[in-house]
Amino acid sequence: MVKCSVSNCTYWGDKNVCNADVIMIDVDQHANSRYSAEFAGETFDTEHRDSAQSSAATCCHTFKPKSK
């Protein structure tokens, strides 16, 4: 189970549970990257590997704003 407090995300569910089929988390260095494989309605590159020193150096690429 993945918990998330970003309530304006398409995948945000009851009790702060993420409902995405796949979660893509990357290092901040790739925050603006566009990826090639498709998961959870987004595109991701699942072949590269990076290292992060802390959670503050990471970002979630799965986030997709809810439609209004």
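Above: the structure in question.
Source: prediction; values computed, not measured.

Colleague: Could you give an account of the overall build of the protein, naming the residues involved and the relevant values?
Modeller: Within the protein, the secondary structure is distributed over 0 helices and 6 strands. Listing every helix and strand of the protein by position from the N terminus yields β-β-β-β-β-β. Of all 68 residues assigned to the protein, the portion counted as buried reaches 22%. Put simply, of all contacts in the protein between residues at least 6 apart along the chain, 49% involve residues at least 24 apart.

Colleague: Pulling in residues and values, what's your account of unusual backbone geometry?
Modeller: The phi angle at Lys-15 is positive, at roughly 60°, despite the residue not being glycine. Turning to its location among the elements, Lys-15 is positioned in the loop between β1 (12–13) and β2 (17–18). Even without glycine at this site, Asn-16 takes up a positive phi of about 60°. As for its placement among the helices and strands, Asn-16 is situated in the loop between β1 and β2. What makes Asn-16 partly exposed here is its relative accessible area of 31%.

Conventions used here
- Residues numbered from 1 in each chain as written.
- Predicted model: local features only at pLDDT ≥ 70, side-chain atom pairs only at ≥ 80, totals over all residues.
- Heavy atoms only, no water.
- Helix = DSSP H or I, 4+ residues; strand = E, 2+ residues; numbered from the N terminus.
- Buried < 20%, exposed > 50% of the residue type's maximum accessible area, 1.4 Å probe, protein only.
- Contact = heavy atoms within 4.5 Å.

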